[in-house]
Amino acid sequence: MPNRSSTWYEEAVIYSIDVEKFADGNGDGIGDFIGLTEKLTYLSELGITCIWLLPFFRSPDRDNGYDVSDFYTVNPKVGTLDDFLAFLHGAGEHGIRVIIDLVVNHTSDQHPWFQAARRDDETRYRDYYVWSADPPPVAVGAKSIFPGEVDSLWTYDEVARAYYFHHFYDFQPELNAANPQVREEILRIVDYWIAFGVSGFRLDAAPLIIANKGLEHANPRDPHGILRQIGAYLRSRRPGGVLVGEVNLPPEASDAFFGEGDQLQLLLNFMLACYLFAGFAKEDAAAINQGLSLLPEPPAGCGWVNFLRNLDELDFSRVPTDLKQAVFEVFAPKKEMQVFDRGIRRRVAPMLNGDQRRIEMAFSIVFSLKGPPLVVYGDEIGIGEDLSRPGRDAVRVPMQWSAEKNGGFSTANTGKLYQPVVTEGKFSYKKVNVADQEKDPGSLLNKVRRFINLRRNQPIFTKGRAVRLSATDPAVLVHGFEDAGDLLLLVHNLADRRIETEIHFGGMQPKRFRDLIDDAEFEVVKKPRLELEPYAYRWLISKGNGS
Ligand code: BGC
C-alpha cells in the first residue's frame, strides 16, 4: 500500500436526509432545519460522519426539490438561511460534515433564467438552455429518464416559439453546459455554499450534464472538462472538498468520471446495489462477487460509495435482464412495487420481510466493503414504505421517532402532514421507531451503531488492501482487508439455513482471530471451518502475520 493517509471522505460514513421528511421543528407538518438541528445528537450517537442533504432550495417541488427555481435561497418550507446556518454550525460542533446536492443539469421552468430565456431570444439567458426551432430526430436509444410519464426530450414553448431540451420532466429544462456563462453560474453556486462551510456536493445527474443534448452547439468539446473545472474550483475554495457523483452508468463508462482523481472523487455505487440484492435473492455469493469484479478500481484518493437504497427507485436498467428478474420475483413481485419498468420502490426492511437477522447481514456487507457506506435516513431503524403514494414517494416516508402522535415526526394535525407517516402493519411507527430501539440493546439501530463504530475504529478498512476470498458453501460471501500482516476477514451467510463451511484463504495462513462483533477469541485449528447461523455475519481480525 502507498503510504498515503486517507482523506476524510474515504473514511466517511454518509447519511442522506430529505429535510422535509426528517423532523418538523415548528409544527407545520413539514420537516425543517430547526427539527433537523434538534436531531444532531441522535446522528452523532449513530456515529455517521457526513450528512448528505437532498435539495433544500427554493423550488416548486414537482420533483422532490430537484427542480430548483433559486439556487441561493433556502426553500421557506424548510426554514431560513439562518436556520440552515444554525444546522451547519451544530453539525460542525458534533464533528459531522455536510455535503449538499448540486443540481445543475437543469433548472425548474420557474427559474428566472428560463423565464427570461423564453421571453426574449436576444437575452443572454436564451443560450443558458438548449433550444431548437426544429429539433433533430432524437438519437437511437436516447429516452426520457421517466419513461411512461414523459415521452419526448423536446417540448414546445409557446412563448419562446421554440422547443427546449430535457431528459427529465418538461418542467426541468436542461442547462447548456457548453456555454461558458452557464459554467460561471455553476461555480458561483459552488462558491456561495462553500463559503458557509459545506464540505462538498453530490453532483446530480453528472453524466447528463456532459451529455449530448441533441444539438451540435450544446456538446461541450471536452465534455469532462466541466467536471474538472468544478472539482478544481471547489478544492481551490475548500481544500479537501469532495464531489460525489450520481453516475448511474455501466461500470466501464463510470470510470471516466473519476478521471485521474481530478473530477468526482466518490461515485455512488448503483450497480453494486443491484448485485447485492441479487445475492440476497438467490442466496448466492457469486452474484455479489460478480458485481465486485465488474467495478473499476478507483484512482488513489477516490472511491465507491456503497449503499442498499437511495431515495429514488432501486434501478435495474443497467444490469442483465435475468438478474433484474431474479430480484423482482423475490423482492418486488407485485406491479405496485415497481416503477418505470426498471426499478423497485420499496425500502430495505420490507424487501427483506422485516427479518432483522437478514437486514443486519445486508448492512454488515455495506459497512464492511471498501469505500464509504451510505445509509438513507430511516433505514437504520428499518422503516417501511407506503405503496399507496405515487411513484418514488413510496420510499420517502417521514422518519419515525417514537410511538407518539405522527411517529414523533411532527406535532401538526395528522391531516396537515407533508406526507403521511406509516401507520399500518409491522412497519407502523408504533412498532418501528427510534425511541423504542434506543432502549433495546439488540435493536437494528444499536446494531447499525455498532457497525459504524467498529468500522470507524478499524483503519484497515481504508488503509488495507481489499481481498476477495471464498468459502466452500456458495451462500457464504467472504471478503477481507489485509495490511502489513493483519487480516480482517468478513464472512456473511446469505442463506436462511445453518451452514458449516470451510474458508479458503488464498496464500494467507491466519491462525488466531478476534471476533469484533462479539469480542470473542477464535482459533483456526487445522482447517479454517466456520459455523454460521442463518444470515449470520462475522467480522474477524487476525493481527500480525496471522498469529
Ligand atoms: C434525483 C432524482 C431526480 C433527478 C432529477 C436524480 O439524481 O435523485 O430524484 O428526479 O435527479 O434531478
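None of the values given here were measured: they were computed from a predicted structure.

(A) Main features of the overall build of the protein. The number of helices and strands found in the protein is 17 helices and 24 strands. Its C-alpha radius of gyration of 24 Å places the protein within 12% of the 24 Å reference for a compact globule of 547 residues. Each principal axis of the C-alpha atoms in the protein carries an extent, and together these give about 80 × 55 × 45 Å. Expressed as a percentage of its 547 residues, the buried residues of the protein come to 61%. When contacts within the protein are restricted to residue pairs at least 6 apart in sequence, long-range pairs at least 24 apart make up 68% of them. If you sum the accessible surface of the protein, you get close to 21400 Å²; carbon and sulfur atoms cover 48% of it. Put simply, the protein has 62 plus and 76 minus side-chain charges, and the middle of one group is 3 Å from the middle of the other.

(B) Quick look at empty space enclosed by the protein. Taken as a whole and assessed by the stated rule, the structure comprises 5 cavities of 30 Å³ or more. Lining the largest cavity are 14 residues, with Trp52, Arg202, Asn310, Leu311 and Asp312 positioned closest to its centre. Grouping the amino acids of the lining of the largest cavity by side-chain chemistry returns 8 nonpolar, 2 polar and 4 charged. Estimated volume of the second largest cavity: approximately 60 Å³. Broken down by element, the lining of the second largest cavity gets its largest block of residues, 3 residues, from helix α10 (residues 270-282). When its residues are assigned to classes, the lining of the second largest cavity shows 5 nonpolar, 2 polar and 2 charged.

(C) Representation of the domain arrangement of the protein within the structure. Splitting the protein by domain gives domain 1 (14-105 + 178-455), domain 2 (112-165) and domain 3 (464-542). A separation of 55 Å is found between the C-alpha centroids of domain 2 and domain 3.

(D) Examining the sheet that holds strand β17 (residues 465-471) more closely. If you trace the 8 strands from one edge of the open sheet to the other, you get β22-β21-β24-β19-β18-β17-β20-β23, paired in antiparallel fashion. Of all the strands in the sheet, just β22 (520-523) and β23 (529-532) have a single pairing partner and so form its edges. The mean inter-strand angle of the sheet, taken between neighbouring strand axes irrespective of direction, is 30°. Sheet analysis places strand β18 (residues 476-483) next to strand β19 (residues 486-493), joined by 8 bridges and oriented antiparallel. In the strand pairing of β19, Leu477 is matched with His492. Its contacts with the sheet place helix α11 (residues 285-294) against β17 and β18, and it is angled at close to 40° to β18.

(E) Focus on the nonpolar core. Membership of the largest hydrophobic core comes to 153 residues, with the highest contact counts inside it found for Tyr15, Leu43, Leu53 and Phe280. Counting residues per element, this core draws most heavily on α10, which supplies 11 residues. Not counting residues within four places of it along the chain, the set of residues in contact with Phe280 comprises Ile288, Leu308, Phe331, Leu352, Arg358, Met361, Ala362, Ile365 and Leu494. Counting residues in hydrophobic clusters, the runner-up holds 20 residues, among them Val467, Ala475, Ile503 and Phe513.

(F) Spatial organisation of the site of the ligand. Contacts to the ligand come from Asp63, Tyr66, His106, Phe146, Phe168, Arg202, Asp204, Glu246, Asp312, Arg392 and Arg396. A distance of 2.8 Å separates an oxygen atom of the ligand from a polar atom in the side chain of Arg392. Note that an oxygen atom of the ligand is positioned 3.5 Å from one of the side-chain N or O atoms of Arg396. With the chains in place, 97% of the 310 Å² that the ligand exposes on its own is no longer accessible. Here the ligand occupies the largest pocket. A per-class count over the shell around the ligand returns 3 nonpolar, 1 polar and 7 charged.

(G) Focus on the layout of surface pockets. For the largest pocket, the calculated volume is near 980 Å³. In this structure, the largest pocket is lined by 46 residues; those nearest its centre are Lys143, Ile145, His167, Leu208 and Arg318. When grouped by side-chain class, the residues that make up the lining of the largest pocket number 22 nonpolar, 10 polar and 14 charged. When its volume is computed, the second largest pocket comes out at roughly 730 Å³. Residue lining of the second largest pocket: 33 residues in total, with Glu297, Pro298, Lys370, Gly371 and Ala466 positioned closest to the centre. Mapped by element, the contributors of at least two residues to the lining of the second largest pocket are β12 (303-307), α17 (460-463), β17 and β18. Broken down by element, the residue count for the lining of the second largest pocket peaks at 4 residues, all from β17. When its residues are assigned to classes, the lining of the second largest pocket shows 17 nonpolar, 10 polar and 6 charged.

Thresholds, definitions, all that
Residues numbered from 1 in each chain as written. Predicted model: local features only at pLDDT ≥ 70, side-chain atom pairs only at ≥ 80, totals over all residues. Heavy atoms only, no water. Helix = DSSP H or I, 4+ residues; strand = E, 2+ residues; numbered from the N terminus. Rg over C-alpha atoms; globule rule 2.2 N^0.38 Å. Buried < 20%, exposed > 50% of the residue type's maximum accessible area, 1.4 Å probe, protein only. Contact = heavy atoms within 4.5 Å. Areas by Shrake-Rupley, 256 points an atom, 1.4 Å probe, with all protein chains shown as cover. Lys, Arg positive; Asp, Glu negative; His and termini not counted. Charge placed at Lys NZ, Arg CZ, Asp CG, Glu CD. 1 Å grid on protein atoms, 1.4 Å probe; cavity = no way out; pocket = protein on both sides within 12 Å on 5 of 7 lines; lining within 4 Å. Points joined across faces, edges and corners; volume = space filled by probe spheres on them. Nonpolar A, V, L, I, M, F, W, Y, C, P; charged D, E, K, R; others polar. Domains from an automatic or database assignment. Pairing = 2+ DSSP bridges. Axes fitted to C-alpha atoms, helices over the stretch in contact; angles between N-to-C directions. Core = buried A, V, L, I, M, F, W, Y, C linked by side-chain atoms within 4.5 Å. Near = heavy atom within 4 Å. Polar contact = N/O pair within 3.5 Å; in protein donor to acceptor, adjacent residues only side chain to side chain. Sits in = over half its atoms within 2 Å of the grid points.

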